[in-house]
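Breakdown of the fold
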Amino acid sequence: MSEANDKTPLLEVKNLRKLFPARSSFFAKEKSWIKAVDDVSFTLNPRETLGVVGESGCGKSTMGRSVLRLIEPTSGQILYKGRDFGKASGQELRKMRADMQIIFQDPYASLNPRMTVGEVIAEPLNIQKRYKTAEETRAQVLKTMEVVGLNPKYYNRYPHEFSGGQRQRIGIARAIVLGPSLVVCDEPVSALDVSIQSQVLNLLRELQNSMGMAYIFISHNLSVIKHISDRVMVMYLGHVVEMADKKELFANPSHPYTQALLSAIPMPERHSKRKKIILQGDLPSPANPPSGCIFHTRCFMAKDICSTQKPELRDIGNGHMCACHFCDGCK
Amino acid sequence: MAEKILQVKNLKTYFHTQAGLVKAVNDVSFDVEKGKTLGIVGESGCGKSITSLSIMGLVEKPGKIEGGEILFAGEDLLKKTEDQMRQIRGKQIAMIFQEPMTSLNPVYTIGEQITEALLLHEHMTKRQARERGIEMLKLVKIPLPERRFDEYPHQLSGGMRQRVMIAMALCCNPEMLICDEPTTALDVTIQAQILDLINELKNETGTSVMMITHDLGVIAEVADDVMVMYAGKVVEHATCDQIFEKPMHPYTDGLMKCIPKLDDDDTKELSVIKGMVPSFDDMPKGCAFCPRCPQAREICKQKMPELVEAEGRKVRCFKYTKEWEENV
């Protein structure tokens, strides 16, 4: 893409919104909307990993899919290498998509059981008409299989013959076979056993180093996010509540939600000295989000202002963004 | 010596499948002390869930308990009839399952499901059962218990459903509670609430707990003793402090190292356990872990090591036997 230079971020997302219609009852005339992703903006540089963390229902997966337009965003702008991806269509869209891929969470559900491993991995090449002959395609598939650590002799096997970890490798091979610059990893290791999880994490990092991809890495597991990311974005009920450099975020978590999230992870160590913050209650329904600060119903620091006034996401120093009335630095 | 509420001796639960015999639980022995929590850790397919189902007498065909003893308060559960087991299940031993979404019946209200055990085991009247049920919902900290009592499972969130499961399990004051991955399907902040609740209830009621999980973090928070399983066998059994201070079996050690931790140096690669769990139709001849073990020697390929006593714990590895030195 000629118009992009080194300084252009790979991806710029501005005010991304995704609303899903929800009717309170079948006969209700007025539609209400579930704000799955509400006003999310970020930039992603080439070769960078942005970790997106949050609990179920916080909109992290919807965000990841909206960026690729697998779910059409309601509003907002997506600039990919300086070009408006949000408005691309037809041939142009298909061409741009070759450069952006996704790895799904469930290695059991995301592979077509009727296709052989070779066919699964070759499909993106065929759709993009990358090679003229079947031999070239096959050669590329075999090469990719080797890169992700799958024995090429499994070319003609079916997904059910593989274990979870190997299936996830097939999913990774499918995502990288076109040599993309951006890969959205949607909980790629949460369905795997711990001993397999570390293998896949190492593979993802190795591929990033050798192929120079940028990742949007979505996970609910903060330890995994910390291991793999350069920058981290914390989401709650469709909103970004905090975003910062990884080191900064884990050293100085400023939003009360991030603090609680960090303290809640059970650590494999005895007599831990960490103070635990146990949040009260459940995640509110996104169909009926709390007024003011969306987190105030569960927040241990909430004051009167929090239920009436929505805190803006603002820079509290060195690009550390936080959306809280009382976070350090905003006082 | 503390009183033992549960003693499992040489339990063997096999599955007779079309593909052949699967030894899901292969000669497993352990005790649970009264008022203590035993954690059972392992990856999927290691036999940890089948162990708990065997205790509850819930192993279904083609599975069969082929041998061993399960002594609960001195009585062998394997010699009980189905009717006798029904008296024990839910009253003396209760179980919490992994998926609160699927283990509650969607067509009955929360109240009906909680009171079922009370009506059956405690012979309460409906009114008494309702009062006790609401009291239980209060105990597990469900807001507005009177209202929730008459609601259906789909009206509750995942964390609330798991609370209902706990309330159901505890309503007859069981002497032992088996938790099979109770927090795996839940978010971290909700997981923290539930673990906190289980710990609190254990301290209040003195119930013994068997906690099955794949998450060593959960174990560190709740367990007194830990048993690590691999491919149907116990590979290490020690106190929780011992295990976290110094894991002795190479598998336990590998498990500990391959989890990313918050205070790790994250520029480094994660250490891995290479390969994967062997499938049951393709078990190695010797130690089941030997194809993945970084320290394996010739002897490990030849025969399965015994569970031996070493440094005040039990571990199944040749490293801690005389044969190790003779086999350089």
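For the structure itself, look to the data block above.
So, how was this worked out
Residues numbered from 1 in each chain as written. Chains lettered and ligands numbered in written order. Predicted model: local features only at pLDDT ≥ 70, side-chain atom pairs only at ≥ 80, totals over all residues. Heavy atoms only, no water. Buried < 20%, exposed > 50% of the residue type's maximum accessible area, 1.4 Å probe, protein only. Helix = DSSP H or I, 4+ residues; strand = E, 2+ residues; numbered from the N terminus. Polar contact = N/O pair within 3.5 Å; in protein donor to acceptor, adjacent residues only side chain to side chain. Contact = heavy atoms within 4.5 Å. Salt bridge = Lys/Arg side-chain N within 4 Å of Asp/Glu carboxyl O. Nonpolar A, V, L, I, M, F, W, Y, C, P; charged D, E, K, R; others polar. Pairing = 2+ DSSP bridges.

**Digging into helix 1 (residues 48–56) of chain B**
Along an α-helix, residues three or four apart share an orientation, since each turn contains 3.6 residues. Helix 1 of chain B sits mainly inside the fold: seven of its nine residues count as buried. Following helix 1 of chain B by one or two positions, Gly57(B) has its phi on the positive side, about 70 degrees.

**Digging into the side chain of Asp76(B)**
All names here are of chain B. Note on placement: Asp76 falls in strand 5 (residues 75–76). A residue is classified by how much of its surface remains accessible, and Asp76, at 11% relative accessible area, is buried. In terms of polar contacts, Asp76 uses its side chain to reach the backbone amide nitrogen of Ile70, at 3.2 Å. Residues within four places of Asp76 in sequence aside, it is in contact with Glu69, Ile70 and Leu71.

**A short note on the interface of chain A and chain B**
With 39 residues of chain A at the contact, the number on the chain B side is 44 residues. For the pair chain A and chain B, the number of links is one salt bridge. At the boundary of chain A and chain B, one finds 15 residue pairs in polar contact (both at pLDDT 80 or more). Where the side of chain A that touches chain B is concerned, the elements lending two or more residues are helix 6 (194–211), helix 7 (222–228), helix 8 (246–251) and helix 9 (256–264) of chain A. Considering every element that reaches the side of chain A that touches chain B, the biggest residue donor is helix 6 of chain A, with ten residues. Its residues placed into classes, the side of chain A that touches chain B shows 15 nonpolar, 13 polar and eleven charged.

**Looking at the sheet that holds strand 5 (residues 83–84) of chain A**
All names here are of chain A. In spatial order, the strands read 2-1-4-5; together these four strands make up an open sheet with antiparallel pairing. Each end of this open sheet is capped by a strand with a single partner; those strands are strand 2 (32–44) and strand 5. Here strand 1 (residues 11–22) pairs with strand 2 via nine bridges, running antiparallel. Along strand 2, the bridge assignment pairs Leu16 with Val40.

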